[in-house]
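Here is how the chains run, residue by residue.
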Amino acid sequence: MNQISPLAFVHPEAQLGDNNIIGPFCYIDKNTVMGDNNVLQNSVTINYGARIGNNNEIFPGASLSTKPQDLKFRGEDTICQIGDNNSIRENVTISRGTASKGTTIVGNNNLLMENMHIAHDCVIGNGCIIGNSTKFAGEVLVDDNAIISAEVLVHQFVHIGGYVMIQGGSRTSQDIPPYIIAGKEPIRYAGVNLIGLRRRGFSNEIITQIHDAYRILYSKGVLAEGIEEIKNTIPQSDEIDYLINFVSDSKRGIIR
């Protein structure tokens with residue numbers, strides 16, 4: 001049975017699972033779907049098009065599936081998909097998709113800290129930590145287990161790799177490849193995220209190979225030459241393949 005405050009509004013067309021707690025002054029619009037065991041503290045807004053999984057905790061002032069801040073948006077029927085086991089802190093805003101992709105996605109087991117924003121058509125992976133007041137423009141892609149500190153500004157269409165650590169206050173309009181620390185002003189490569197990789201169970205052998213791959217990559221004026229040398233000198237592994245494919249597929253270029 002759901003516990004719904006008499007001071008909350010739940011649209012009769014909203015679909016709620018079981019054992020959800022809906023606090024006072026929450027607003028849940030039509031065309032919304034929510035799973036089980038979610039906790040909405042007071043003053044949470046769930047807008048049209050939200051699809052929310054299970055075991056999420058959403059804090060006061062958060063507004064999910066908001067109308068996109070995109071002048072090309074023409075009211076198309078889009079959604080915002082939130083997975084399971086997320087902690088969405090105070091005043092977080094997440095826009096729903098546009099005609100470009102149709103869906104904004106936040107995966108599972110993420111911590112979205114106070115006042116951060118995820119714009120239309122972004123895709124956030126699993127196990128990410130995103131700091132206070134960080135802002136993602138439209139169609140940003142963040143891979144699993146990224147740690148992005150406070151007040152980071154990310155340009156539209158940027159791709160952020162997995163297992164990165166991004167320094168607070170940074171700004172980027174280029175892709176940030178996986179496994180690294182990125183920071184300083186302007187933002188640049190600041191080494192491999194050794195502590196983060198060890199905490200995630202990466203072996204010393206794999207960490208050494210990642211370090212060697214970046215040493216080669218950033219020693220070359222032309223990235224394609226670095227990629228070719230990595231293929232020829234570093235043993236093949238899933239981690240090195242991911243790095244190579246990320247850099248090869250980058251549309252905006254990677255930070256240097």
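Residues numbered from 1 in each chain as written. Predicted model: local features only at pLDDT ≥ 70, side-chain atom pairs only at ≥ 80, totals over all residues. Heavy atoms only, no water.

Engineer: Break down the sheet that holds strand S14 (residues 93-95) for me, citing the residues and quoting the values.
Structural biologist: If you trace the nine strands from one edge of the open sheet to the other, you get S2-S5-S8-S11-S14-S17-S20-S23-S26, paired in parallel fashion. Two strands lie at the open edges of the sheet, namely strand S2 (9-10) and strand S26 (171-172), each paired on one side alone. Bridging between strand S17 (residues 117-118) and strand S20 (residues 135-136) involves two bridges; their strand directions are parallel. Along S20, the bridge assignment pairs histidine 117 with lysine 135. (Pairing = 2+ DSSP bridges. Helix = DSSP H or I, 4+ residues; strand = E, 2+ residues; numbered from the N terminus.)

Engineer: Outline the environment of methionine 34, listing residues and values.
Structural biologist: Structurally, methionine 34 is set in strand S6 (residues 33-34). For methionine 34, a relative accessible area of 5% corresponds to the buried category. With 18 residues separating them along the chain, methionine 34 and leucine 16 place their C-alpha atoms 4.8 Å apart. Excluding anything up to four places from it in sequence, methionine 34 contacts Gln15, Leu16, Gly17, Asn20, Ile22, Ile28, Leu40, Ile52 and Gly53. (Buried < 20%, exposed > 50% of the residue type's maximum accessible area, 1.4 Å probe, protein only. Contact = heavy atoms within 4.5 Å.)

Engineer: Give a description of the nonpolar core that names residues and reports values.
Structural biologist: Phe136 and Ile160 are the most contacted members of the largest nonpolar core, which totals 64 residues. Put simply, the parts of the chain that give this core at least two residues each are strand S9 (50-52), strand S12 (79-82), strand S27 (180-183), helix H2 (204-219), helix H3 (223-233) and helix H4 (238-249). At eight residues, H2 tops the list of elements feeding residues into this core. Excluding residues within four positions of it along the chain, phenylalanine 136 makes contact with Met116, His117, Ile118, Ala119, Cys122, Ile124, Ile130, Val142, Ile148, Val154 and Ile160. (Core = buried A, V, L, I, M, F, W, Y, C linked by side-chain atoms within 4.5 Å.)

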